[in-house]
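Chain by chain, the residues run as shown.
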Amino acid sequence: MSLAARHLEANGIPTVIMGCAKDIVEYCGVPRFLFSDFPLGNPTGRPHDPQSQAFTVELALRVLESAPRPRTTVQSPLRWSEDPAWKLDFSNIARLSPEEIARRRAEFDRQKEIAKTVRAKPQAAQ
Amino acid sequence: MAEEEEFGFAPEHDAPIPYLERIRVYYQALGYGAPYHWAHYADVPFAPLRKPPADSRIGLVTTAAPWRPDKGDQGPGAPYNAAAKFYTVYSGDSAVEHDLRIAHVGYDRTHTTAEDGNAWFPLPALRRLAAAGRIGEVAPRFHGAPTNRSHRATIDRDCPELLARVREDKADAVILVAV
């Protein structure tokens, strides 16, 4: 998604990215970025919370219209939860047993094979 | 008294998750050798906004995928489902409702369940902003960008295709939502 934003921007079209993976987006280098410090999967606000969603999209527009320079990141003030412990879980190898690691490896290999099959068959989703 | 209490510091882990490091260590521990090379540039392009949002046609690009009943479990909380991935840019009519899912990407399945599409697909929110006059209008189509591990496919094929479609739509600016 960061690459798409860069390509549009290089061709004269202003963009803003909404996302939850701060380091990945900034490492690529993008013009404007609204970062929500939420679990991956919630880039446009908290689920079942229209107010949070409206606030987040409005903030993205503010970033779009006011960023002074490329690499402008604004962090949404919204917090996922008072307790930040959720941030310790995602893909954290220190929290997984050897059995769980083995299970995940087998599942990853299986999904990779499926992806290969899907990719080999050209298809338009819509 | 710990310093963080004395000075009101937040706990050390209360910072954006270091995904680059987490993912590198994770796949190394799973037994995969060469780490993934994330896209990385020193220079960043910048196109200034030519008119205010209230006078602009705003486009939308998403990595979410249309729900397809023949592609396995894509429901809330579904395990990672590679069969639901797509590898070509698709477009949808912005004027109608869409059921887009995220089972094909690595979202946080421990702490969120993907029940509410409005948390990752803000088309209804954009329509409301257009109705309220905050933006001029929503572009006639939104576009789906494949989540492809191949940088070559993304750069050589998907990015030019997205640009062509955004230009056809005559969008003045674009919101890209990365799930």
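Note that the structure is predicted; figures quoted are calculated from it, not measured.

A. Examining the overall build of chain A more closely. For chain A, the count of helices and strands is 4 helices and 3 strands. Traced from its N-terminal end to its C-terminal end, chain A shows the element sequence α-β-α-β-α-β-α. For a compact globule of 126 residues, the expected C-alpha radius of gyration is about 14 Å, and chain A comes in at 18 Å, more than 25% above that figure. Structurally, chain A occupies a C-alpha span of about 50 × 45 × 30 Å along its principal axes.

B. Geometry of the nonpolar core. Grouped together as the largest cluster of nonpolar side chains are 67 residues, with contacts concentrated most on A:Ala4, A:Ile17, A:Ala60, B:Leu126, B:Val174, B:Ile175 and B:Leu176. In terms of residue count, the dominant contributor to this core is helix 3 (residues 50–66) of chain A (6 residues). Setting aside anything within four residues of it in sequence, one finds B:Leu126 in contact with A:Val57, B:Ile58, B:Leu60, B:Ile135 and B:Val138.

C. Structural detail: the interface of chain A and chain B. If you look at the interface, chain A gives 71 residues, while chain B gives 76 residues. Listed by contribution, the elements that provide at least two residues to the side of chain A that touches chain B are helix 1 (2–10), strand 1 (15–19), helix 2 (22–28), helix 3 and helix 4 (98–120) of chain A. Looking at the side of chain A that touches chain B, its residues break down into 40 nonpolar, 17 polar and 14 charged.

D. Summary view of helix 1 of chain A. Counting buried positions along helix 1 of chain A yields 7 of 9 residues, so the element is predominantly enclosed. Looking only at helix 1 of chain A, the buried set comprises A:Ser2, A:Ala4, A:Ala5, A:Arg6, A:His7, A:Leu8 and A:Glu9. Contacts from the buried residues of helix 1 of chain A go to strand 1 and helix 2 of chain A together with strand 1 (57–62), helix 4 (151–168) and strand 6 (173–177) of chain B.

E. Inspection of the sheet that holds strand 2 (residues 32–35) of chain A at higher detail. Pairing is mixed across the open sheet formed by 7 strands, whose spatial order is 3(A)-2(A)-1(A)-6(B)-1(B)-5(B)-3(B). Lying at the two open borders of the sheet, with one neighbouring strand each, are strand 3 (72–75) of chain A together with strand 3 (90–93) of chain B. This sheet shows a mean twist of 20 degrees between the axes of neighbouring strands, independent of strand direction. One ladder, built from 4 bridges, connects strand 2 of chain A with strand 3 of chain A; its direction is parallel. When the bridges of strand 3 of chain A are listed, A:Phe35 appears paired with A:Gln75. Against the sheet, helix 3 of chain A touches strand 1, strand 2 and strand 3 of chain A together with strand 6 of chain B, its axis set at about 155 degrees to strand 2 of chain A. Of the strands in this sheet, strand 1, strand 3, strand 5 (137–144) and strand 6 of chain B are in contact with helix 4 of chain B, which crosses strand 5 of chain B at around 160 degrees.

F. The arrangement of the packing of helix 1 of chain A against helix 4 of chain B in detail. It is the contact of helix 1 of chain A with helix 4 of chain B, at a shortest axis distance of 9 Å, that shows an interaxial angle of 55 degrees. Relative to helix 4 of chain B, the element helix 1 of chain A is oriented oblique. When the axes of helix 1 of chain A and helix 4 of chain B are compared, the crossing they make is right-handed. Where helix 1 of chain A approaches helix 4 of chain B, its residues A:Leu3, A:Ala4, A:His7 and A:Leu8 are matched on the opposing element by B:Thr154, B:Ile155, B:Cys159, B:Leu162, B:Leu163 and B:Val166. For the contact of helix 1 of chain A with helix 4 of chain B, the per-class residue count stands at 8 nonpolar, 2 polar and no charged.

G. The arrangement of helix 3 of chain A in detail. Between its first and last C-alpha, helix 3 of chain A extends 24 Å over 17 residues, near the 24 Å set by a 1.5 Å rise per residue. Every buried residue of helix 3 of chain A is listed here: A:Ser52, A:Gln53, A:Thr56, A:Val57, A:Leu59, A:Ala60, A:Leu61, A:Val63 and A:Leu64. Tucked inside the fold, the buried residues of helix 3 of chain A contact strand 1, strand 2 and strand 3 of chain A together with helix 3 (123–131) and strand 6 of chain B.

H. Quick look at the packing of helix 3 of chain A against helix 3 of chain B. Here helix 3 of chain A crosses helix 3 of chain B at 70 degrees, and the two axes come no closer than 10 Å. Comparing the axis directions of helix 3 of chain A and helix 3 of chain B gives the class roughly perpendicular. In this structure, helix 3 of chain A meets helix 3 of chain B at a crossing whose hand is right-handed. For the pair formed by helix 3 of chain A and helix 3 of chain B, the contact residues are A:Gln53, A:Ala54 and A:Val57 on the first element and B:Ala125, B:Leu126 and B:Leu129 on the second. Of the residues contributing to the contact of helix 3 of chain A with helix 3 of chain B, the split by class is 5 nonpolar, 1 polar and no charged.

Calculation criteria
- Position numbers for residues count from 1 along each chain, tracking the sequence in the order it is written.
- Chains carry letters from A onward and ligands carry numbers from 1 onward, assigned in written order.
- Under the rules for a predicted model, residues below a pLDDT of 70 receive no local features and side-chain atom pairs below 80 are neither given nor counted, while totals for whole chains, interfaces and linings still include all residues.
- Runs of H or I in DSSP of at least four residues are treated as helices and runs of E of at least two as strands, each being numbered from the N terminus.
- Just to be clear, the radius of gyration here is over C-alpha atoms, and the globule rule we use is 2.2 Å times residues to the power 0.38.
- Any set of buried Ala, Val, Leu, Ile, Met, Phe, Trp, Tyr and Cys residues joined through C-beta atoms within 7 Å is what this text calls a nonpolar core.
- Exposure is read from a count of other C-beta atoms within 10 Å of each residue's own; the residue is exposed at 12 or fewer, buried at 20 or more and partly exposed in between. C-beta atoms are placed from the backbone.
- C-beta atoms are placed from the backbone for every residue, and two residues are taken to be in contact when these atoms lie within 7 Å.
- All amino acids are sorted into three groups, where Ala, Val, Leu, Ile, Met, Phe, Trp, Tyr, Cys and Pro are nonpolar, Asp, Glu, Lys and Arg are charged, and the leftover types, Gly among them, are polar.
- For two strands to be treated as a pair, DSSP must find at least two bridges joining them.
- Geometry is summarised by axes, namely lines fitted to C-alpha atoms with helices restricted to the contacting stretch, and by angles between N-to-C directions that run from 0 to 180 degrees.
- Any angle that falls under 35 degrees is termed roughly parallel, while one over 145 is termed roughly antiparallel, one within 65 to 115 roughly perpendicular, and all others oblique.
- Should the near helix be turned counterclockwise from the far one by less than a right angle, the crossing is left-handed, whereas a clockwise turn marks it as right-handed.
- Between the first and last residue of a helix there are one fewer steps than residues, each counted as 1.5 Å, and that sum is the expected span.

Geometry only, nothing functional implied.
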